[in-house]
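Spelled out, the chains give:
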Amino acid sequence: MTGAALLVETLRTHGVKQIFSLSGNQILSVYDATIGRDIALVHTRHEAAATHMADGWGRLTETPGVALVTAGPGHLNAVSALYSALMAESPMVLLSGHAPRAQRGRGAFQEIDQAGAARPVVKAAWVAESAEGLGNDIARAFAVANSGRPGPVHVSLPGDLLEAKLTEPIAVPPPTRLEVMRLPDAAIRRMLDLFAEAKRPLILLGPAMARARRRQIVDRLGEITGVPALVMESPRGVNDPALHGAASCLPDADLVLLLGKAADYSVRFAQPPAFAPGARLARIDIDAMTPPSASERFVLSVAADPEIATAQLVDAARERAWQRSAWTDEVAQARATLPAEWAAHARADRAPLHPLRVCAAIQRHVRDETLLVIDGGEFGQWAQAALDGGTRLINGLSGSIGSAIPLALAAKVAHPGRPVVAIVGDGTFGFHAMEMDTAVRYRLPIVVIVGNDARWNAEHQLQLQHYGEARAVACALLPTRYDRLVEGLGGHGEHVERAEELEPALARAVASGKPACVNVMIDGVAAPTYRRGPGAH
Ligand SMILES: Cc1ncc(C[n+]2csc(CCOP(=O)(O)OP(=O)(O)O)c2C)c(N)n1
Ligand SMILES: [Mg+2]
């Protein structure tokens with residue numbers, strides 16, 4: 001058995017069926033070891049795309065996605081994408097080939113401090129030290145990625161370890177989970193007392209708490225106590241257009257629980273005016289650091305696994321009687337209310353099309369099982385605000401645009417039977433447009449809708465606000481036929497300029513059974529709500 005074979009066997013025992021990769025000589029031994037082992041390789045066109053795919057896999061399956069890239073530049077290409085995974089609290093593992101140990105410090109081919117380069121954007125990063133230990137490296141990486149606040153982990157794999165022949169048989173380590181931190185009983189009672197005392201309590205959730213099984217527990221808590229929960233997962237923070245009017249309830253709340261959520265830029269550092277000056281604040285998180293500026297308003301700040309803590313709160317809340325107040329409905333109502341003028345935009349047939357007109361057509365293709373990926377500037381914000389239903393993946397708190405196509409591909413790999421629709425700006429599409437080739441090669445029929453305003457509009461809008469029209473420079477793009485680009489790669493293309501072309505084009509794209517691009521010429525209007533200041537992007 002080689003080190004690479006031990007690594008692959010351990011990946012298998014951890015349930016890995018899929019590795020997102022871009023090749024290089026340092027990792028070909030791993031490619032070789034996958035043969036006959038029921039682990040498929042998806043070979044991408046850029047290491048960042050492979051990493052975004054592992055991120056998407058992690059978010060959708062809650063089991064770590066695996067990206068495998070080559071040393072040095074391949075690794076560095078992957079690192080930028082780790083930031084998105086970190087901020088999305090997505091469990092994933094980046095495995096990178098690494099110069100052989102015997103050449104360490106001697107200027108080996110593509111030798112850099114890979115763990116050091118990854119460290120700012122991962123939960124943990126290290127270089128594997130022995131061939132025998134490669135299984136344990138994987139087991140540890142998976143446990144760290146999937147425990148507490150989920151997130152990315154990096155392991156560098158020196159080529160000599162992967163190729164080493166193991167003479168002694170090595171046991172393949174099973175999956176483990178790290179110790180979880182539970183809420184002490186006193187903190188459970190105190191939190192429920194705080195809920196009961198408050199007239200307008202609110203829970204703010206981080207991205208992981210808003211997903212799958214964690215979200216279900218939070219919803220259960222809401223059903224029992226009547227305390228509404230809002231997700232803070234947008235780079236626009238409390239201005240997230242997807243929250244509609246609910247964000248305006250935040251300054252009215254007299255108690256805010258940050259549940260698996262830091263008091264960071266996205267919640268305006270829990271300061272007035274976003275929060276009421278007299279509001280009581282509580283935080284339950286794996287690392288419940290209280291920001292000094294708001295510390296006197298934190299009546300409770302406990303370090304505990306927020307998922308376990310929420311389950312504990314649910315159990316204890318069942319034992320009490322709760323009164324449903326008008327506040328619960330007020331927040332729900334605000335969440336459901338759309339600006340009055342939107343209905344007219346959604347029907348307006350003038351060209352170029354209003355983003356809401358495009359969203360109205362897309363909405364007909366969104367079902368419960370649809371996986372919706374939304375990314376980009378102003379067009380992305382419109383889609384976030386206007387579309388309802390489905391399971392949603394967004395670029396998230398990293399504020400990094402460009403991951404949509406890889407995320408959509410990961411979604412299709414994870415759920416081949418479910419429709420996957422990606423909605424992107426024209427600028428955003430360019431970051432990983434070549435992954436449409438990956439889509440064609442692996443027969444992953446995603447539908448990508450490009451809102452083409454021939455502009456980096458989000459930045460253009462900022463220029464208009466900050467500098468005025470006369471100084472709005474350099475943010476123009478061309479009205480490029482992205483549909484033809486995708487046709488050229490072997491996919492299906494549709495180009496839409498007028499309203500009557502929209503529905504048939506979408507229908508043909510969906511029916512084509514191929515990776516498809518619907519290039520829609522849109523009006524470059526500013527996003528629904530936009531304010532200056534931190535969290536503006
Ligand atoms: C990686 C990264 N680079 C740059 C930015 C800054 N940025 C945010 S939105 C945006 C423009 C996006 O343009 P497009 O995708 O065409 O969407 P539009 O705003 O035009 O609808 C830019 C450059 C960013 N958020 N992330
Ligand atoms: Mg644009």
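Details of the structure are given in the entry above.
Every value quoted in this text rests on a predicted model; they were computed, and no experiment measured them.

Novice: Before we go on, may I ask you to explain the site of ligand 1 in this structure?
Specialist: Close to ligand 1 lie 17 residues, the nearest being Gly399, Asp426, Gly427, Thr428 and Asn457. Note that an oxygen atom of ligand 1 is positioned 2.8 Å from one of the backbone N or O atoms of Glu378. The backbone of Gly399 places a nitrogen or oxygen atom 2.6 Å from a nitrogen atom of ligand 1. Where the shell around ligand 1 is concerned, the elements lending two or more residues are helix H14 (378-386), helix H16 (426-431) and helix H18 (457-467).

Novice: Please clarify how the coordination of the magnesium ion (ligand 2) should be interpreted in this entry.
Specialist: Around a metal, the ideal angle is 109.5 degrees if four donors adopt a tetrahedral arrangement and 90 or 180 degrees if six donors adopt an octahedral arrangement. Distances from the magnesium ion (ligand 2) to its protein donors, Asp426 (OD), Asp453 (OD) and Arg455 (O), fall at 2.0 to 2.1 Å. Written as a sequence motif, the donor arrangement for the magnesium ion (ligand 2) is D-x26-D-x1-R. On the criterion of sequence distance, the pair formed by Asp426 in helix H16 and Asp453 in the loop between strand S15 (447-452) and H18 is long-range, its members being 27 residues apart. What makes Asp426 buried here is its relative accessible area of 2%.

Novice: Sorry if this is basic, but what is going on with the sheet that holds strand S9 (residues 255-259) here?
Specialist: Adjacent strands of a sheet pair through backbone hydrogen bonds, lying either parallel or antiparallel. Strand order in the open sheet formed by five strands is S8-S7-S9-S10-S11, with parallel pairing between adjacent strands. Strand pairing shows two members of the sheet lacking a second neighbour, strand S8 (229-231) and strand S11 (298-303), which therefore form its edges. Going across the sheet, the axis of each strand differs from the next one's by a mean of 15°, ignoring polarity. Note that strand S7 (residues 201-205) and S9 share five bridges and pair parallel. Bridge pairing in S9 links Leu204 to Leu258. Docked against the sheet, helix H8 (residues 185-197) engages S7, S9, strand S10 (280-285) and S11, running at close to 145° with respect to S11. Set on the sheet, helix H10 (residues 306-318) makes contact with S9 and S10; between it and S10 the angle comes to about 115°.

Novice: Help me understand the pattern of salt bridges, please; the structure alone is not making it clear to me.
Specialist: Side chains that differ in charge, positive against negative, can pair when their charged atoms come close. Per the counting criterion, the structure on display carries 33 salt bridges. Residue Asp264 pairs with Lys261 through a salt bridge whose shortest N-O separation is 3.1 Å. With respect to burial, Asp264 and Lys261 carry one shared label: buried. Here Arg283 makes a salt bridge to Asp287, at a shortest N to O gap of 3.9 Å.

Novice: Help me understand the packing of helix H3 (residues 47-61) against helix H15 (residues 404-414), please; the structure alone is not making it clear to me.
Specialist: Any two packed helices are characterised by the angle at which their axes cross and by the distance between the axes. The geometry of H3 relative to H15 is characterised by a closest axis approach of 8 Å and an angle of 50° between their N-to-C directions. Of the possible angle classes, the one that applies to H3 and H15 is oblique. Seen along the crossing, H3 lies across H15 with a hand that is right-handed. In this structure, H3 contributes Ala49, His52, Met53, Asp55, Gly56, Trp57, Arg59, Leu60 and Thr61 to the contact, and H15 contributes Pro406, Leu407, Leu409, Ala410, Ala411, Val413 and Ala414.

Cut-offs and rules
- Residues numbered from 1 in each chain as written.
- Chains lettered and ligands numbered in written order.
- Predicted model: local features only at pLDDT ≥ 70, side-chain atom pairs only at ≥ 80, totals over all residues.
- Heavy atoms only, no water.
- Near = heavy atom within 4 Å.
- Polar contact = N/O pair within 3.5 Å; in protein donor to acceptor, adjacent residues only side chain to side chain.
- Helix = DSSP H or I, 4+ residues; strand = E, 2+ residues; numbered from the N terminus.
- Donors = N, O, S within 2.8 Å, 3.2 Å for Na, K, Ca; no water.
- Buried < 20%, exposed > 50% of the residue type's maximum accessible area, 1.4 Å probe, protein only.
- Pairing = 2+ DSSP bridges.
- Axes fitted to C-alpha atoms, helices over the stretch in contact; angles between N-to-C directions.
- Contact = heavy atoms within 4.5 Å.
- Salt bridge = Lys/Arg side-chain N within 4 Å of Asp/Glu carboxyl O.
- Parallel < 35°, antiparallel > 145°, perpendicular 65-115°, else oblique.
- Left-handed = near helix turned anticlockwise from the far one by under 90°.

Note that every value here comes from positions in space, so none of it alone points to a role or purpose.
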